Amino acid sequence: MDHHASVETLLSKAEIPIIDLSHMGTVEAPCKSTVRRVAAQLHRSLSEKGLALLVNHGIPDEKLRAVYSAFDNFCVLPNGTKNSYLRTPPNNHGYVPPGVERFTNEHVEEMRHTFNITWLDRQLPESEVPGFQAAVTSLAQDFQKLAALLLRALALSLDLQAEYFLNSHRNMFHEGNSSCMRLLYYPPFGAPPTPGVTRCGEHADYGTLTLLAQDCEGGLEVQTSTHKWGRVGHLPGSILLNTGELLASWTSAKYPALRHRVVVPEQPKIRSKGRHSIAFFVHPDDDTPITPIQCPVNQAEQPATNNCIVKNGNKIYTAYQHLQMRFRETYAS
Ligand SMILES: O=C(O)CCC(=O)C(=O)O
Ligand SMILES: [Fe+2]
């Protein structure tokens, strides 16, 4: 069970590259020289580490705090009320109570409340938590704009046309796209961690990129290229960017997916505080075939919505099919 014990190594700046996003402009009017500089930094960070800390990203701290607080108000509602918002597959939207999701084959309970948001116009607890919808919508829009700018830089980082990824991420928060803003609350731990209980098991995210905001240090660890686990720590105001599995498939692992987990911290001062985080999982439109970038699928092979296509004897799955396979593994009991 040693992989659930927290490690003491706090990663240094050399291991977590910092990328300054000041003066990137907007998706409509990007500052080309800055986007090129960010592209070069992304290339290095994502190919070598799978992550970067973004600073001056333009998402105001107040918007994050408003969502943390709206989610606190949701988490204290009676279980019956919370459970009326339960995630119901195949939709990913909705509440997941502590102990349900699991990323490993062992029986490990994950002590966290999560609310996956894939729709901004329905099934949000607005009547129980007034202001919930406005707070999450405003933040989701900011995340979406930031993601779009990063997708532009990401394409340039791989010597592709600037619009390459943007073209397949058109419908975030609409039908036909599985991008998700996940609210997370990890309750405090008074006692030291016991076997079989963790905050979030070891895994890689499923999509293209993930943007993660956190309000304090609380056990987030990442696997470095030497397979050691290291604590990320907390740089106030920064957002962590990490690679997901679809991006790894797309780039033939030039940008490998970052494995990470959240342990119950051993340090009493850290584990006795609750922790909030918000992850924005950036996913391509559901019907995007995920084929290595060097061998694009030609028009005649465009997939039907639910069946994978076969090319040279290999099955090619769409983004949606990849995701449903991974959800079935993660939420299986
Ligand atoms: O809360 C965190 O810091 C990470 C959560 C996470 O990795 C996930 O939900 O996929
Ligand atoms: Fe994750």
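None of the values given here were measured: they were computed from a predicted structure.

A. Expanded view of the overall build of the protein chain. A tally of helices and strands in the protein chain yields seven helices and 16 strands. For the protein chain, the proportion of its 333 residues judged to be buried stands at 40%. Taking all contacts inside the protein chain whose residues are at least 6 apart in sequence as the whole, residues at least 24 apart take part in 75%.

B. Region of interest: the sheet that holds strand 9 (residues 209-214). Read across the open sheet, the eight strands follow the order 1-2-12-9-14-6-5-3; overall the sheet is mixed. For this open sheet the edge positions go to strand 1 (18-20) and strand 3 (94-96), each flanked by a neighbour on one side alone. Going from strand to strand, the sheet's axes swing by 25° on average, the running direction of each strand aside. Summarising the sheet, strand 1 and strand 2 (residues 51-55) pair through three bridges and their orientation is parallel. Directly across from I18, in strand 2, lies its bridge partner L53. Those strands touched by helix 2 (residues 61-75) are strand 5 (113-117), strand 6 (180-186), strand 9 and strand 14 (275-282), and its axis lies near 65° from that of strand 6.

C. Expanded view of the UniProt feature "domain: Fe2OG dioxygenase" (unreviewed entry) in the protein chain. Under the feature "domain: Fe2OG dioxygenase" (unreviewed entry), the UniProt entry names residues 176-284. Structurally, residues 176-284 is divided into 9% helix and 40% strand, and its ends, taken at the C-alpha atoms, are 9 Å apart.

D. Structural view of the site of ligand 1. Close contacts around ligand 1 come from R182, L184, C200, D205, L212, Q214, L220, H260, V262, S277 and A279, and that covers them all. Looking at the shell around ligand 1, its residues break down into six nonpolar, three polar and two charged.

E. The arrangement of the nonpolar core in detail. Counting residues in hydrophobic clusters, the biggest one holds 77 residues, and the most contacted among them are V67, V136, F143, L211, I278 and F280. Top contributing element to this core by residue count: helix 4 (residues 132-157), with 15 residues. Beyond its immediate sequence surroundings of up to four residues, I278 is in contact with L64, V67, M181, R182, L183, L184 and A213.

F. Region of interest: helix 4. Counted at 1.5 Å a residue, the expected span for helix 4 with its 26 residues is 38 Å, and the 37 Å between its end C-alpha atoms agrees. One or two residues past the end of helix 4 sits D159, with phi positive at roughly 60°.

G. The arrangement of the sheet that holds strand 13 (residues 259-262) in detail. If you walk across this open sheet you meet the four strands as 8-13-10-11, and the pairing is antiparallel. Two strands in the sheet have a free side with no partner beyond their single neighbour: strand 8 (200-204) and strand 11 (229-231). Taken pair by pair, the neighbouring strands of this sheet meet at an average axis angle of 25°, ignoring direction.

H. How the structure looks around the environment of P78. With respect to the element layout, P78 can be found in the loop between helix 2 and helix 3 (79-83). Under the C-beta neighbour-count criterion, P78 is labelled exposed, with 8 such atoms within 10 Å. Between the C-alpha atoms of P78 and Q321, which are 243 residues apart in sequence, the distance is 35 Å.

I. Molecular detail of the packing of helix 1 (residues 32-48) against helix 4. Helix 4 packs onto helix 1 with a crossing angle of 65° between their chain directions and a minimal axis gap of 8 Å. What the angle tells us is that helix 1 and helix 4 run roughly perpendicular. Pair helix 1 / helix 4 crosses with right-handed handedness. In contact with V35, R36, V38, A39, L42 and H43 of helix 1, helix 4 contributes R152, A153, L154, L156 and S157.

J. Summary view of the packing of helix 2 against helix 4. Across the interface, helix 2 lies against helix 4 with an axial gap of 9 Å and an inter-helix angle of 140°. In terms of orientation, helix 2 lies oblique with respect to helix 4. Classified by chirality, the crossing of helix 4 by helix 2 is left-handed. Taken together, the residues of helix 4 that come into contact with helix 2 (itself represented by K63, L64, A66, V67, A70 and F74) are F132, A135, V136, S138, L139 and D142.

K. Fine view of the environment of R326. For R326, the position within the fold is in helix 7 (residues 319-330). Counting along the chain gives 245 residues from R326 to T81, while the straight-line C-alpha distance between them is 28 Å.

L. Structural view of helix 7. The terminal C-alpha atoms of helix 7, which comprises twelve residues, lie 17 Å apart, in line with the 16 Å expected from a rise of 1.5 Å per residue. Along helix 7, the positions that sit buried rather than exposed are A319, Y320, Q321, H322 and L323.

M. Quick peek at the pairing of strand 13. Direction of pairing for strand 8 relative to strand 13: antiparallel, over a ladder of three bridges. Across the sheet, A204 pairs through a bridge with R259, a residue of strand 13.

N. Spatial organisation of the environment of R170. When you line up the elements, R170 lands in the loop between helix 4 and strand 6. By C-beta crowding, R170 is classed as partly exposed, having 13 other C-beta atoms within 10 Å. Each C-alpha atom of the pair R170 and A191 lies 46 Å from the other, and the pair is 21 residues apart in sequence.

O. How the structure looks around unusual backbone geometry. The amide bond that connects P89 to the next residue, P90, takes the cis arrangement and shows omega of 5°. Relative to the helices and strands, P90 is located in the loop between helix 3 and strand 3. The backbone of H23 shows a phi angle near 65°, a positive value even though the residue is not glycine. In this structure, H23 sits in the loop between strand 1 and helix 1. The residue Q123 is not glycine, and still its phi comes out positive at about 50°. Counting through the fold element by element, Q123 comes out in the loop between strand 5 and helix 4. Residue classification places Q123 among the partly exposed residues on the basis of 16 C-beta atoms within 10 Å.

Definitions and cut-offs
Residues numbered from 1 in each chain as written. Chains lettered and ligands numbered in written order. Predicted model: local features only at pLDDT ≥ 70, side-chain atom pairs only at ≥ 80, totals over all residues. Helix = DSSP H or I, 4+ residues; strand = E, 2+ residues; numbered from the N terminus. Buried ≥ 20, exposed ≤ 12 C-beta atoms within 10 Å, placed from the backbone. Contact = placed C-beta atoms within 7 Å. Pairing = 2+ DSSP bridges. Axes fitted to C-alpha atoms, helices over the stretch in contact; angles between N-to-C directions. UniProt positions renumbered as here; feature names shortened; annotations may be inferred. Near = placed C-beta within 6 Å. Nonpolar A, V, L, I, M, F, W, Y, C, P; charged D, E, K, R; others polar. Core = buried A, V, L, I, M, F, W, Y, C linked by C-beta atoms within 7 Å. Expected span 1.5 Å × (residues − 1). Parallel < 35°, antiparallel > 145°, perpendicular 65-115°, else oblique. Left-handed = near helix turned anticlockwise from the far one by under 90°.

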